[in-house]
Amino acid sequence: MRFHSSLKRSDRTEEPPEDPVTDVPIRTDPISILASFRRFWPLTRGDRRWLIVIFLCAVLAALAETITVLLFAKLTDTALQSGDVSAFWKPAGQWLAVAVAGAVVGYLGSSLAVWTAERFVLRLRARVFGHLQTLPPHFFQRNRRGDLVERLTGDVEAIEALVVSGIVGAASALFGTIFYAGAALLLRWDLALATFVMVPVLLVVTRGFAKPLRAVSRRGRAADGAITAVVEETLVNVVMTQAYNRQKDEEDRLSSKARLRLRTAVKAVRLTEFYEQFIEVLETLCVLTIIGLGAWEISAGRMTLGQLLAFAAFIGYLYPPIRSLGQLGLTATAATAGAERLLEILDAEPSVTDPGDSVPVPERSRALGEVEARQVFFHYPGSSEMVLRDLSFTASPGELLVITGPSGAGKSTLAALLLRFYDPETGTVLLDGVSVDRMSLPYLRRNITLLPQDTLVLHDTIEENIGCGRPDASHDDVERAARAADAHAFIEALPEGYDTVISTGTSRLSGGQLQRIAIARAMLRDAPVLLLDEPTTGLDRLAAERILEPLRRLARGRTTIVITHDLALAADADRILVLDEGRLVESGTHTQLLGRSGLYATLFERRSRPHNGTAYESAYKSARPSGIHWR
Ligand SMILES: Nc1ncnc2c1ncn2[C@@H]1O[C@H](COP(=O)(O)OP(=O)(O)OP(=O)(O)O)[C@@H](O)[C@H]1O
């Protein structure tokens, strides 16, 4: 079987060094503005015609501006200098008409630019979010959730500033530069050339600012990510924070990241402000040069006052677009920091590929539920430790299989392989005799229902939380499933019943009640294979017993694989597999395994006397008749 050995950046064993303050890996291979642009430009597909319209608007707006300056010169030289009021109306009317036309195209261009930019953000966010959801569990173990959230929000917008607003701004600045420079050259090419010497100075200065700004932006983006990560982690663990009086520690943790953000923000502002003021001084120098030269030319009779004012206006107009071109360079530089962070997500590869339509099973059909592992060897990407070794077993349709063993034996890893979050290095996992890597992922996962240790709750109503097991389910279906899961009574007792909104961490429901909601969801889903990962973890014996009856109903007629340390659950399994250090060391029924005096018997013995006594064992024995029986 195929193994994905071509590890991407995020999978490498050798991790890049981390920034000591932001805890974010430092990139050693920064990407260029052009490369960032090329990677994200394809996302503008579909809006390129609007970009052309925006460019046209920019051309027309610059043209309108140029014409108004020429009309202003005409007015000065005719109506103002001669004192002939009748010469005022025509150029004034033309000026107004051109100004209105310029305002209309300006409005159109700006609105379209914002619309296009927002659509780009939407698409990019959807792309990154979509890709994120295909990534394997170990990607999320290595990246802090809050930092990923920041990438999806702040970094996405930074890239928009490069790709859409960037080129729109560049086009508008470029057309402005061409028109105003052209008009200045036409008016007085010699004077114009004399003032243009500032341009190379401007370019050199902009280049000099780009590198330090890029470094400071990268640290700023990383600090934003670190702040979001700390807030997110603190909110998720708020109970622990309060119980351990860690509020001050959490505040300090946030403050250290916020101070870094402050330092980088101040440094960035200082850099850009210094740049701005430097350009202001250059501009003033330029205007003074024009006035000096112009006064000399007027006194020699080679220039009219109107021409001088128009010329000065063109040069004055010329600087903002040149300056914004320079600023765009800085914005683009800052955006590459965001691009690097997003590409770390987009370049991370899913650990499995979906064969999609080339499935060897009828896509709509329901599997029979035979699950098999054949000589499976597996280690996690980026780790050389073999977690599963030569593992083979078969679970027949309808069979109840319990997988147990010491912590770290590889039980949850086996579940991850059955659901194909990973492919084995060698060996095969099969459903109904077909290797799982030959069937589409939706088909495979539709046929296996996972009930994980921590009940997965959507921030939604109970109705939706159960109903998402089968999207076309009616309220009656939901209620039937809830009754079968022994959840109906407590749901009905809630003031808002099935419309009660629940969410992870803030739910009003107990662990056992949440489990029963998850069981109802699984009932609706009605998959032939059921994978239960520690279904009784976190529940006391009474609550555990209470969910066993609905679990038993759920398991009926399905292949059920229960991963558990709770050997009370193992008693009625058709077969128990005992894993140790990734190997299958024992297999048999509860009675057979106890008789062998091997690892299972030892684990059972140890778990039966957790408090220097036999309380658990006697409770277990007495509990058996009431609810521990699966069948
Ligand atoms: N993402 C990962 N990357 C590298 N190693 C991992 C990863 N996840 C788990 N492991 C390692 O794989 C081994 C098996 O872990 P697994 O969670 O499957 O054990 P388990 O039997 O389910 O343990 P427990 O009963 O405590 O849940 C452990 O040594 C663990 O450290």
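Thresholds, definitions, all that
- Each chain has its residues counted from 1, following the order in which its sequence is written.
- Where totals are concerned, whole chains, interfaces and linings use all residues; where local detail is concerned, this predicted model gives features only for residues with pLDDT of at least 70, and gives and counts side-chain atom pairs only at 80 or more.
- The side-chain values count all of the structure's non-hydrogen atoms but skip hydrogen atoms and water molecules.
- Counting from the N terminus, the helices are DSSP H or I runs at least four residues long and the strands are E runs at least two residues long.
- In this description, contact between two residues means that some pair of their heavy atoms is separated by no more than 4.5 Å.
- In these notes, residues near a molecule or strand are those with any non-hydrogen atom within 4 Å of it.
- Whenever a nitrogen or oxygen atom comes within 3.5 Å of another N or O atom, the pair is scored as a polar contact, on the condition that within protein one atom can donate a hydrogen and the other can accept it, and that pairs from neighbouring residues in sequence are kept only if both atoms are in side chains.
- The accessible surface values rely on the Shrake-Rupley method and a 1.4 Å probe; as for residues, cover is taken only from the protein chains in view.
- Any residue outside Ala, Val, Leu, Ile, Met, Phe, Trp, Tyr, Cys, Pro, Asp, Glu, Lys and Arg is labelled polar, Gly included; the first ten of those are nonpolar and the last four are charged.
- For two strands to pair, DSSP has to find at least two bridges joining them.
- To define axes, lines are fitted to C-alpha atoms, for helices over the stretch in contact only, and angles between the resulting N-to-C directions are given on a 0 to 180 degree scale.
- Relative accessibility under 20% of the residue-type maximum defines a buried residue, over 50% an exposed one, and the middle range a partly exposed one, all with a 1.4 Å probe and only protein chains included.
- Here a cavity means grid points, on a 1 Å grid over the protein atoms only, where a 1.4 Å probe fits yet cannot get out; a pocket means an open set of points with protein on both sides within 12 Å along at least five of seven lines; lining residues are those with an atom within 4 Å of a point.
- Grid points are joined across faces, edges and corners, and a volume is the space filled by probe spheres set on the points.
- Asp and Glu are treated as the negative residues and Lys and Arg as the positive ones, with His and the ends of the chain left uncounted.
- In the sections that follow, a salt bridge refers to a side-chain nitrogen of Lys or Arg positioned within 4 Å of a carboxyl oxygen of Asp or Glu.
- Centre distance within 6.5 Å is the pairing criterion for rings of Phe, Tyr and Trp, where only the six-membered ring of Trp is used; planes under 30 degrees apart are then read as stacked, over 60 as edge-to-face, and the remainder as tilted.

**Q** I'd like a rundown of the environment of Leu271, residues and numbers included.
**A** Position of Leu271 relative to the elements: it lies in helix α9 (residues 247-299). Ignoring sequence-local partners within four residues, the contact set of Leu271 consists of Phe209, Pro212, Leu213 and Val216.

**Q** Before we move on, can you summarise the site of the ligand with the specific residues and values?
**A** By nearness alone, 14 residues border the ligand, and Gln141, Ser407, Lys411, Thr413 and His565 come closest of all. Lys411 places a side-chain nitrogen or oxygen 2.8 Å from an oxygen atom of the ligand. For the ligand, an oxygen atom lies 2.9 Å from a polar atom in the backbone of Ser412. Look at the ligand: alone it shows 640 Å² of surface, and the protein chains cover 70% of it. Tallying contributions element by element places helix α11 (residues 411-418) first for the shell around the ligand, with three residues. Per-class residue counts for the shell around the ligand are four nonpolar, eight polar and two charged.

**Q** Please set out the sheet that holds strand β1 (residues 371-379) residue by residue, giving values where relevant.
**A** With respect to topology, four strands assemble into an open sheet ordered β2-β1-β4-β5, the strand pairing being antiparallel. Across the chains shown, the open sheet's two edge strands, defined by having one partner strand only, are β2 (386-395) and β5 (434-435). With six bridges connecting them, β1 and β2 associate as antiparallel partners. Pairing of Glu372 across the sheet is with Thr394, part of β2. This element, α11, spans β1, β2 and β4 (426-431) of the sheet and lies at about 65 degrees to β2.

**Q** I'd like a description of the side chain of Arg188, backed by residues and values.
**A** Tracing the sequence through the fold places Arg188 in the loop between α5 (145-187) and α6 (189-196). Overall, Arg188 belongs to the buried group, its relative accessible area being 13%. Excluding anything up to four places from it in sequence, Arg188 contacts Glu297, Arg302, Met303 and Phe311.

**Q** Residue-level account of the pairing of strand β9 (residues 529-533), with values.
**A** As a general feature of sheets, a regular strand has side chains that alternate between the two faces. Taken across its five residues, β9 has five buried, putting it largely inside the fold. Covered by surrounding structure in β9 are Val529, Leu531 and Asp533 together with Leu530 and Leu532, the residues of both alternating faces. Here strand β6 (residues 448-451) pairs with β9 via four bridges, running parallel. Note on β9: the bridge partner recorded for Leu451 is Leu532. Pairing between β9 and strand β10 (residues 559-563): five bridges, direction parallel. Across the sheet, the residue bridging to Val529 is Thr559, located in β10.

**Q** Explain the sheet that holds β6 residue by residue, including any values.
**A** As summarised here, the arrangement of the six strands in space is β6-β9-β10-β3-β11-β12, forming an open sheet in which the pairing is mixed. Pairing within the sheet leaves two strands with one partner each, and these edge strands are β6 and β12 (583-588). Adjacent strand axes in the sheet meet at a mean angle of 20 degrees when their direction is disregarded. Two elements, strand β3 (residues 400-404) and strand β11 (residues 575-580), share four bridges in a ladder whose sense is parallel. Bridge pairing in β11 links Val402 to Ile576.

**Q** Explain α11 to me, using residue names and the numbers behind them.
**A** Extensive coverage of α11 is indicated by the burial of seven of its eight residues. When α11 is considered as a whole, its buried residues turn out to be Lys411, Thr413, Leu414, Ala415, Ala416, Leu417 and Leu418. At the C-terminal side of α11, Arg420 shows a positive phi close to 60 degrees.

**Q** Describe the environment of Val197, naming the residues involved and giving the relevant values.
**A** Within the fold, Val197 resides in the loop between α6 and α7 (198-236). Given the relative accessible area of 49%, Val197 is considered partly exposed. Along the backbone, Val197 and Cys286 are 89 residues apart, and their C-alpha atoms lie at a distance of 9.5 Å.

**Q** Pulling in residues and values, what's your account of unusual backbone geometry?
**A** Of note, the phi angle at Asp390 is positive, near 50 degrees, even though the residue is not glycine. Locating Asp390 in the fold gives a position in strand β2. Given the relative accessible area of 40%, Asp390 is considered partly exposed. Although it is not a glycine, Asp432 sits at a positive phi angle of roughly 50 degrees. In this structure Asp432 comes out as partly exposed when scored by relative accessible area, which is 27%.

**Q** For empty space enclosed by the protein, give the residues involved together with the corresponding values.
**A** The final tally for this structure, using the stated rule, is three cavities of 30 Å³ or more. As a volume, the second largest cavity reaches approximately 50 Å³. Lining the second largest cavity are Val371, Leu418, Val429, Leu430, Leu431, Val436, Leu444, Ile448, Val529 and Ile561. Sorting elements by how many residues they give to the lining of the second largest cavity places β4 first, with three residues. A breakdown of the residues in the lining of the second largest cavity according to their chemical character gives 10 nonpolar, no polar and no charged.

**Q** Tell me about the environment of Ala295, and name the residues and values.
**A** Take Ala295: it is sitting in helix α9. Sequence separation of Ala295 and Leu305 is 10 residues, and the distance between their C-alpha atoms is 8.8 Å.

**Q** Can you explain the side chain of Glu534? Please cite residues and give values.
**A** With respect to the element layout, Glu534 can be found in the loop between β9 and α17 (541-555). Buried charge Glu534 goes without a salt bridge, the closest partner of opposite sign being Lys411 at 5.5 Å. Within polar-contact distance, the side chain of Glu534 engages the side chain of Thr564 at 3.4 Å. From its side chain, Glu534 meets the backbone nitrogen of His565 in a polar contact 3.2 Å long.

**Q** Quick one: what's the story with the packing of aromatic side chains, residue by residue and with numbers?
**A** Tallied over the entire structure, the rule returns 10 aromatic pairs. Arranged with centres 5.4 Å apart and planes meeting at 80 degrees, the rings of Phe139 and Phe140 form a pair that is edge-to-face. Judged by its relative accessible area of 4%, Phe139 falls in the buried class. What makes Phe140 partly exposed here is its relative accessible area of 34%. Look at Phe378 and Tyr380: their rings are 5.1 Å apart centre to centre, the planes differ by 75 degrees, and that puts the pair in the edge-to-face class. On the basis of relative accessibility, which here comes to 1%, the residue Phe378 falls in the buried class.

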